Amino acid sequence: MTRQNQDECDSDGESLSSLESGGLTLLSVNSFQSSVTKEKKPSTDPGKQETLAMPHVFASSPAIGSAASEREVEIAIYPEPEKDGSKQRKFKRRVGIAALAVLGLIVMLSTILGIILSNQNDNPRNVVISQAGDYMVNDSKPGSGANSASYGYVYDILVDFSEESLLLNERSPQGLAFTKLVQEEEARKEKSKYLADSGIASIEELKEGFEESTTPMRIIQRFALMNLFLYTQPDQWHFSEGWNDFIGNECSWYGIDYCEQFEVRRIDLSSNNLVGTIPEEICLLGDYLEELSLGHNVFSGQIPSCLSNFKRLEVIILKDNNLSGWLPAGLMHILSLKIVDFSQNTLSGTLDVLFEENRPVATGLQIFDVSSNMLTGTIPDEFVEMSSLSKFTTDMTNFNWMTSINLP
């Protein structure tokens, strides 16, 4: 070791303290600020290696012996990475992963719920009428609750003709109509009691009028008509006198062309901007309805198959709508039929479904038009046997031809 290096070691050694531990002597540097900031000139001696002084710990051991006097063994111990910062980073990473997992679960559940709600909304039996409040009276009248006599009377009549879950759902068309009918029944009872107590009318007169307006037939009939209105976007109707509030005798409502003994016989709501599906409740009029004209509207969905159960139907016109699906099975066995017009829709299937074996057919049919649809197949022989048929029009897309038969 040169004299110059020996002097430097002696000078620095004055500031070092020695601690022994298990034979290893640790020399801690009290202060290296001067050596860190001190600028050293490059050595001109090529055989001399210069080490830049920096904060570190010198370690020497007795095992090194005299070698320690010849040269310094320098071990630079750098600070370990900050453990707290590492833990924080790991914690944040785990929190982020957990948050992403929760977000993914929420998205998945939202998607499933959306599909369920979409399927429910696609079913016209689950339609919710947002503007229903405009057509319902205040249901806070006394006695109109579930325990009232009026409630039980109307419920017992309708429960056999409508699904109970829909009937008791206050936001479904069926539930809204049911609530309205209960309120009407209660109002009639209150009015009758007032007239009787005041002596304006006799008990016999009130009883006769009461029975005429609250017979099961009348309640069922009003229920069917209310559903037709509530299913078809009521606020879009061009004309809706009487339907808006269901006030008065239904035979005076717009489009109810004819009644007989309070029975609705003819309904003509053509070109009135009815938008929606034809509710199955319309078939509750099947015992006495003779005409159902709903052409030139915006009906969609299928034609209710229960139309084939009508007993007196003579005219059914559903032309120029967006109806799809098959024709009502067995429709041609309504013996009273005279006019059937389902043209200008998107109906599919065959004409064969209109007939069933070994059943009498509507021999009085005069006009049959199912043109401008998507029907396929052949023309059943039963049509040829209808002696009154004067006009038969259909297009069979699979043969790419139209037939229009005019018979005398």
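Our subject is the structure that appears above.
Report follows, based on the coordinates. Not measured: the values here are computed from a predicted model. (Residues numbered from 1 in each chain as written. Predicted model: local features only at pLDDT ≥ 70, side-chain atom pairs only at ≥ 80, totals over all residues. Heavy atoms only, no water.)

Here we look at the pattern of salt bridges
Moving on, step 1. Here the structure, examined in full by the defined rule, presents nine salt bridges.
Moving on, step 2. When the shortest N-O distance is used, the salt bridge between Glu 260 and Arg 265 registers 3.5 Å.
Moving on, step 3. Given a relative accessible area of 32%, Glu 260 falls into the partly exposed group.
Moving on, step 4. Each member of the salt-bridge network shares a partner with another, and the members are Glu 184, Arg 218, Arg 222 and Glu 250. (Salt bridge = Lys/Arg side-chain N within 4 Å of Asp/Glu carboxyl O. Buried < 20%, exposed > 50% of the residue type's maximum accessible area, 1.4 Å probe, protein only.)

A look at the state of the cysteines
Moving on, step 1. Under the criterion given, the structure shown has two disulfides.
Moving on, step 2. Disulfide pairing places Cys 251 opposite Cys 259 at an S-S distance of 2.1 Å. Judged by the sign of its S-S torsion, about -100°, the cystine formed by Cys 251 and Cys 259 is left-handed.
Moving on, step 3. The disulfide partner of Cys 283 is Cys 306, and the S-S distance across this bridge is 1.9 Å. Taking the torsion about the sulfur-sulfur bond, which here is approximately 75°, the covalent link between Cys 283 and Cys 306 counts as right-handed. Of the two residues, Cys 283 is situated in the loop between strand E7 (275-276) and strand E8 (291-293) and Cys 306 in the loop between strand E9 (298-302) and strand E10 (315-317); the sequence distance between them amounts to 23 residues. There is no split in this pair, since Cys 283 and Cys 306 are both buried.
Moving on, step 4. What links to what in the protein chain: the bonded cysteines, counted in sequence order, pair as 1-2, 3-4. (Disulfide = S-S within 2.5 Å. Helix = DSSP H or I, 4+ residues; strand = E, 2+ residues; numbered from the N terminus.)

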